[in-house]
Amino acid sequence: MSVRHSLLALLSAGPMHGYGLKTEFQAATAEVWPLNVGQVYTTLGRLERDGLVTAVADADGQKVYEITGAGREELARWFETPVPREVMPRQELAIKLVFAMKSGVADVEAVVQRQRVATVRALQDITRLKAAAESGGDMAWLLMLDALVFQAEAEARWLDMCEARLAKENIAAGMARRHPEIPADQAVERSS
Amino acid sequence: MAVLDIDQAGRVFGSGHLRVVALDNVSLRVGAGEFLAVMGPSGSGKSTLLRLAGGLDRPTSGRVLLDGRDLAGLDEAGLAQALRQQIGFVFQEANLLASLTAAENVALALELDGVKPRPAMAGARGLLDSLGLGAVGGRFPGQLSGGQQQRVAVARAVAGGRSLLLADEPTGALDALTGESVMGLLRQRCATGCAVVLATHNVRHAAWADRVVFLNDGRLAGETGPPAGPECLLGAGQVR
């Protein structure tokens, strides 16, 4: 579940207070997923119980949370696993990519590619159902399958866009290193 | 034995600081009756891969084997003959000859293989019938919709029992439902044992394939693997 993993991702950059985690989480996700401070502390409590974070009191007696080795392993596992389709409505995928970028502990392009393989695989399955349904004449079922097809397509196309943006950024960064005299906004144009 | 075996193929254009690696050590095998889709952004090497597969271009490293035969071992005449007899091409535009009817367009492909005009025409009509295009056989391309033209182009590409069909963005100019009908036709050809390789940007169309491979910067970046069983549909089971 991604609140857990999002908090681990934030903590992978360094120890933080519970309230700071809430603020960072909402800033990172453009507040599309409101999170109350109670949820944050409940989740931190479970993470602590599971040995994924440790809490120590700071000078003011406030708890500061720190990710453990087991926590880093759990986070790496999250980044390495495509999001299953049943949790898609929660935008876990968007959240995962946001924290893959921010935490700097994941290969974002690999996360995109793994997810795309999983998404296209699901799309293949739905398409096979559709091909079988074409001859069956159940129009309602066909419309339902079309809806699933277009949802998966939207996701795959968004992943294409993510990849294109990352590639452009990498080219721009490479050009800036090799040719610091060229303004950044022209660098990508010249290299393509 | 694979119909198409691309074995560690590379294709480099230019040299020195103008050197461009269009394809980098790519290996792919496509068996009889298999439908493979190749996806990737513009410039990722999809068209280069299809050109190598179709013998329209030669790799600068590695090999391309068609039915077990290395295309590099063939002279110009042998290559031309192998391509004409074994490979069908479909492009974004149907490119039917405007002065011939749909059936005559298909029959021409058979005549180029050495079939006499009358049996070629009979073969063309039979093929169009089997693809649900019997009614349009007597019409000229100008009298057909874009989707019908493209389906006739698929019929022409597979006429004569070719073992490999290469399709480069064949649905680019078609609406959603018509594009699906062309995919259905490709699927149908696979059922007869023809191997199909489709290059496309359209993930909905790629999903008709048995296997989807992703190219990025001329390298294979991932693939969906063989189809999952029905128990994997709609939800659980996508995660390896």
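Each chain has its residues counted from 1, running along the sequence as written. Chain letters and ligand numbers both follow the written order, the letters beginning at A and the numbers at 1. Thresholds applied to this predicted model are a pLDDT of at least 70 for local features of residues and 80 or more for the giving and counting of side-chain atom pairs; totals over whole chains, interfaces and linings are not thresholded and use all residues.

As for the nonpolar core
- Counting residues in hydrophobic clusters, the biggest one holds 108 residues, and the most contacted among them are Val106(B) and Leu186(B).
- Only DSSP runs of H or I with at least four residues qualify as helices, and only runs of E with at least two residues qualify as strands; both kinds are numbered from the N terminus onward. If one sorts the elements of this core by residue count, helix 6 (residues 108-134) of chain A sits on top with eight residues.
- Segment limits for the domains were obtained from an automatic or database-derived domain assignment. If you count residues domain by domain, this core takes at least three from each of domain 1 (2-80) and domain 2 (107-178) of chain A.
- With sequence-adjacent residues up to four places away left out, Leu186(B) is seen in contact with Phe35(B), Val154(B), Leu165(B), Ala167(B), Val196(B), Leu198(B) and Trp208(B). A set of buried Ala, Val, Leu, Ile, Met, Phe, Trp, Tyr and Cys residues, joined to one another through C-beta atoms within 7 Å, is what we call a nonpolar core. With C-beta atoms placed from the backbone, a residue is buried if 20 or more other C-beta atoms are within 10 Å of its own, exposed if 12 or fewer are, and partly exposed between those counts. Contact between two residues is assigned whenever their backbone-derived C-beta positions fall within 7 Å.

What to know about the packing of helix 5 (residues 146-158) of chain B against helix 6 (residues 176-191) of chain B
All names here are of chain B.
- In this analysis, axes come from line fits to C-alpha atoms, helices being fitted only over the stretch in contact, and the angle between any two N-to-C directions falls in the range 0 to 180 degrees. The interhelical angle for the contact between helix 5 and helix 6, taken along N-to-C directions, is 15°, at an axis separation of 9 Å. With respect to helix 6, the axis of helix 5 lies roughly parallel. The element helix 5 and its partner helix 6 pack so that their crossing is right-handed. Of helix 6, the residues touching helix 5 (which contributes Gly 146, Gly 147, Gln 150, Arg 151, Val 154 and Val 158) are Thr 178, Ser 181, Val 182, Leu 185, Leu 186 and Arg 189.
- Under the scheme applied, nonpolar residues are Ala, Val, Leu, Ile, Met, Phe, Trp, Tyr, Cys and Pro; charged residues are Asp, Glu, Lys and Arg; polar residues are all the others, including Gly. The residue inventory of the contact of helix 5 with helix 6, partitioned by class, reads five nonpolar, five polar and two charged. If an angle is under 35 degrees, it is roughly parallel; if it is over 145, roughly antiparallel; if it lies from 65 to 115, roughly perpendicular; otherwise it is oblique. Helix crossings fall into two classes, left-handed where the near helix is turned counterclockwise from the far one by less than a right angle and right-handed where it is turned clockwise.

Overview of the sheet that holds strand 5 (residues 69-70) of chain B
Residues and elements named next belong to chain B.
- DSSP bridges decide pairing: two strands pair if at least two such bridges lie between them. Taken in spatial order, the four strands of this open sheet run 2-1-4-5, and their pairing is antiparallel. The sheet is open, and its two borders are formed by strand 2 (20-30) and strand 5, each paired with just one other strand.
- Bridging between strand 1 (residues 4-13) and strand 2 involves seven bridges; their strand directions are antiparallel. Counterpart to Ala 9 in the pairing with strand 2 is Val 26.
- This element, helix 1 (residues 46-53), spans strand 1, strand 2 and strand 4 (61-66) of the sheet and lies at about 120° to strand 1.

A closer look at the interface of chain A and chain B
- With 26 residues of chain A in contact, the opposing surface of chain B contributes 21 residues.
- At 15 residues, helix 6 of chain A tops the list of elements feeding residues into the side of chain A that touches chain B.
- Of the residues assigned to the side of chain A that touches chain B, the class counts are 13 nonpolar, four polar and nine charged.

Quick word on the domain arrangement of chain A
- In terms of domain boundaries, chain A breaks down into domain 1 (2-80) and domain 2 (107-178).
- Spacing between the C-alpha centres of domain 1 of chain A and domain 2 of chain A amounts to 30 Å.

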